[in-house]
Amino acid sequence: MKGHIGEFEELVLLTIAVLGEQAYGVAVLEDIQERANRKISIGALHSTITRLEEKGFITSYMGEPTQERGGRRKRYFHLTASAKQALADMKSLRNELWNLSNLELSSQ
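Residues numbered from 1 in each chain as written. Predicted model: local features only at pLDDT ≥ 70, side-chain atom pairs only at ≥ 80, totals over all residues. Heavy atoms only, no water.

Chemist: Which residues make up the packing of aromatic side chains, and what are the values?
Modeler: Enumeration according to the criterion identifies two aromatic pairs in this entry. Measuring from ring centre to ring centre gives 5.8 Å for Tyr-24 and Tyr-76, while their planes differ by 70°; the resulting arrangement is edge-to-face. Taken together, the positions of Tyr-24 in the loop between α1 (7–19) and α2 (25–36) and Tyr-76 in strand β2 (residues 73–79) put the pair 52 residues apart, joining distant regions of the chain. With a relative accessible area of 14%, Tyr-76 lands in the buried category. Arranged with centres 5.4 Å apart and planes meeting at 25°, the rings of Tyr-61 and Tyr-76 form a pair that is stacked. Note that Tyr-61 is positioned in strand β1 (residues 58–65) and Tyr-76 in strand β2, a separation of 15 residues in sequence. By way of ring pairs, the aromatic residues Tyr-24, Tyr-61 and Tyr-76 are connected into one cluster. (Phe/Tyr/Trp six-rings, centres within 6.5 Å; stacked < 30°, edge-to-face > 60°. Helix = DSSP H or I, 4+ residues; strand = E, 2+ residues; numbered from the N terminus. Buried < 20%, exposed > 50% of the residue type's maximum accessible area, 1.4 Å probe, protein only.)

Listed below in structure tokens is the structure:
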């Protein structure tokens, strides 16, 4: 693995996985904000996306220009096999820690 993933990187990777073929910048941003009830800047997202590409966790390609975006193209993202392995490792670690902890959570 080319480095660990941080909490926000994990959110971005999982959101890309959820959005599938519709994973482009604004869609990822809006999905994270809605699900996590968290305000994030587009700059913070782009920095994270650049870092994830440098780590080899995502690839991207440019879509066709659209009228809805004034002729601009969307940049779509896909997870690599390294990203899927990193997410699986992180999930395994979290599960292990939750199982070992004595925390009892309630939804009240």
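That was the structure; now back to the text.
Chemist: Kindly report on the pattern of salt bridges, identifying the contributing residues and their values.
Modeler: Per the stated rule, a full pass over the model turns up seven salt bridges. Arg-94 serves as the salt-bridge partner of Glu-10, at 2.5 Å between the closest nitrogen and oxygen. Taken together, the positions of Glu-10 in helix α1 and Arg-94 in helix α4 (residues 81–100) put the pair 84 residues apart, joining distant regions of the chain. By relative accessible area, Arg-94 is classed as partly exposed at 36%. Residues Asp-31 and Arg-35 are paired through a salt bridge, measuring 2.6 Å at the closest nitrogen-oxygen approach. Note that Asp-31 and Arg-35 are positioned in helix α2 at a spacing of four residues, about one turn of the helix. According to the relative accessible area criterion, Arg-35 is exposed, its value standing at 60%. (Salt bridge = Lys/Arg side-chain N within 4 Å of Asp/Glu carboxyl O.)

Chemist: Which residues make up the side chain of Lys-74, and what values go with them?
Modeler: The residue Lys-74 is located in strand β2 in this model. Classification of Lys-74 as buried rests on a relative accessible area of 9%. Excluding anything up to four places from it in sequence, Lys-74 contacts Tyr-24, Tyr-61, Met-62, Gly-63, Glu-64, Glu-68 and Arg-69. (Contact = heavy atoms within 4.5 Å.)

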